[in-house]
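So you can see what is in the structure, the chains are spelled out below.
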Amino acid sequence: MIRISSIDVFPLRLPLKQNFRISQGTVGAVSAGAPHVYVRVAGDNGAEGWGEARPSPRWSYETPESVCSAVANYLRPALLGQRADDLAVVHRIMNRELAGSLHPGQPIAKAAVDTALHDLIARSYGLPVAALWQSGSAHPVRLSYLISTDSPEEAARKARQAVAAGYAGVDVKLGLSPARDLDIVAAVKHEAPNVFFRADANQAYSLTQAIRLAKGLERLGVDVLEQPLPASQLHAHAELRRKTSIPIALDESVWSPSGVLEALRIEACDTIVIKLTKMGGLRGAKLCGEIARESGLGLLGGGLTESKLGLLASAHLFRYLELTEPADLNGPMFLKDDAVEGEWPIRGGEVVLPEGPGLGCRISEDKLRKYAADAV
Ligand SMILES: [Mg+2]
């Protein structure tokens with residue numbers, strides 16, 4: 001039995017290489033750096049584990065401040081002294097302290113704790129995280145290349161980079177400048193005709209606009225249209241599916257196993273986007289993935305531009321789930337540096353998962369100090 005002896009929160013500002021925008025606004029600006037929160041959980045056996053949160057109020061209601069407060073002021077007092085190796089109880093406690101409503105209740109903060117506990121448990125046994133799931137999967141985790149611009153010329157340039165670097169897919173953000181959406185898609189398709197094409201609108205459209213857009217995307221050969229409508233509009237997504245033929249993926253609309261089941265019940269999508277952050281960590285994301293897969297839905301993997309720590313945690317899960325389409329784990333492409341030591345984990349558009357126990361990450365104390373953000 002392992003008991004939780006400490007939980008520490010490290011708010012960081014990581015240096016960015018480039019700005020990142022989605023249809024709802026700026027997610028990361030070079031001038032300000034990117035807000036990431038690392039969480040360390042230690043057990044009374046001397047082992048420790050690490051997790052990461054990368055909230056953006058442009059994407060959901062959680063902020064760096066709310067993540068730090070949620071973990072330090074609500075989850076930590078309730079979890080200290082509890083069993084680290086009983087994740088069912090840990091989640092019951094977390095969900096009691098920060099109750100859900102329509103959403104699971106600050107899942108990005110809970111995900112950092114959940115990920116750190118998976119790391120801690122697996123390290124305590126000297127095993128990789130996937131061994132906790134009795135999995136020896138060696139399935140490759142291929143990545144899609146993120147293209148987020150309102151310029152067709154820049155989109156074409158990025159598509160050429162994606163192909164040259166060996167990526168098996170592109171993830172093109174739509175709705176930054178809606179009048180140019182189809183020009184951007186056509187430019188990317190021209191340069192990268194044979195890769196998996198995922199178009200993500202991040203809730204930018206009304207139903208009428210989305211029907212028109214979907215028909216254009218079908219003509220251009222886009223493989224999947226992700227989250228075209230506001231997150232709360234499950235029924236409108238179902239109507240969009242009835243009126244078009246392009247597969248529809250839900251991301252911001254689906255946060256939990258009950259969300260997957262609700263989407264299934266009303267036939268609101270063809271595919272679910274699995275993200276361990278929005279789903280409260282590896283435990284919730286794994287369950288969502290298994291339900292979706294067993295129900296015949298497609299699975300796409302994604303992240304919220306986490307650094308290498310969060311990327312590797314997601315990649316362990318996506319290897320276990322044996323995702324067939326390239327995953328959108330693109331944080332390291334925007335970051336100049338983070339607090340994870342060791343080899344660069346992406347080669348030829350694929351994640352190279354480290355062999356070591358737990359998540360396989362080593363965290364640099366020097367970098368944690370170097371990039372420490374003001375306490376919030
Ligand atoms: Mg998305």
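Model, not experiment: these values are computed from the prediction.

Cut-offs applied
- Residues numbered from 1 in each chain as written.
- Predicted model: local features only at pLDDT ≥ 70, side-chain atom pairs only at ≥ 80, totals over all residues.
- Heavy atoms only, no water.
- Donors = N, O, S within 2.8 Å, 3.2 Å for Na, K, Ca; no water.
- Helix = DSSP H or I, 4+ residues; strand = E, 2+ residues; numbered from the N terminus.
- Buried < 20%, exposed > 50% of the residue type's maximum accessible area, 1.4 Å probe, protein only.
- Domains from an automatic or database assignment.
- Contact = heavy atoms within 4.5 Å.
- Buried area = accessible area lost by both parts, 1.4 Å probe.
- Pairing = 2+ DSSP bridges.
- Expected span 1.5 Å × (residues − 1).

Caption draft 1: The coordination of the magnesium ion, seen in detail. Within the protein, Asp-200 (OD), Glu-226 (OE) and Asp-251 (OD) serve as the donor atoms for the magnesium ion, at 2.0 to 2.3 Å. All donors of the magnesium ion come from a single chain, and their spacing in sequence reads D-x25-E-x24-D. With Asp-200 in strand E8 (residues 196–200) and Glu-226 in strand E9 (residues 224–226), the pair connects residues that are 26 residues apart, well separated along the chain. No difference in accessibility class separates Asp-200 from Glu-226, as the two residues are buried.

Caption draft 2: Up close: the domain arrangement of the protein chain. Split into domains, the protein chain comes out as domain 1 (4–132 + 364–370) and domain 2 (135–351). Spacing between the C-alpha centres of domain 1 and domain 2 amounts to 22 Å. Counting residues at the interface gives 40 residues for domain 1 and 44 residues for domain 2. At the boundary of domain 1 with domain 2, total buried surface from both sides reaches about 3,700 Å², with 63% on carbon and sulfur atoms.

Caption draft 3: Structural context of the pairing of strand E4 (residues 34–43). For E4, a buried count of ten out of ten residues is recorded, marking the element as mostly surrounded by other parts of the structure. When E4 meets strand E5 (residues 48–53), the two strands line up antiparallel, connected through six bridges. By the bridge assignment, Val-37 is partnered in E5 with Ala-53. Two successive antiparallel strands, E4 and E5, enclose a turn made up of four residues, where Gly-46 displays a positive phi of approximately 90 degrees.

Caption draft 4: Highlighting the side chain of Asp-200. A residue is classified by how much of its surface remains accessible, and Asp-200, at 1% relative accessible area, is buried. Ignoring any residue separated from it by four or fewer positions in sequence, one finds Asp-200 in contact with Asp-171, Val-172, Lys-173, Leu-174, Glu-226 and Gln-227.

Caption draft 5: Representation of helix H9 (residues 282–294) in the model. With 13 residues, H9 ought to run about 18 Å at 1.5 Å a step, and its terminal C-alpha atoms sit 18 Å apart, in line with that. When we look at burial in H9, the residues that qualify are Leu-282, Gly-284, Ala-285, Lys-286, Cys-288, Gly-289, Glu-290, Ile-291 and Ala-292. Buried positions along H9 lie against helix H3 (107–125), helix H8 (257–265), strand E11 (271–274), strand E12 (298–301) and helix H10 (308–321). Once H9 finishes, Gly-296 follows within two positions and takes phi at roughly 90 degrees, a positive value.

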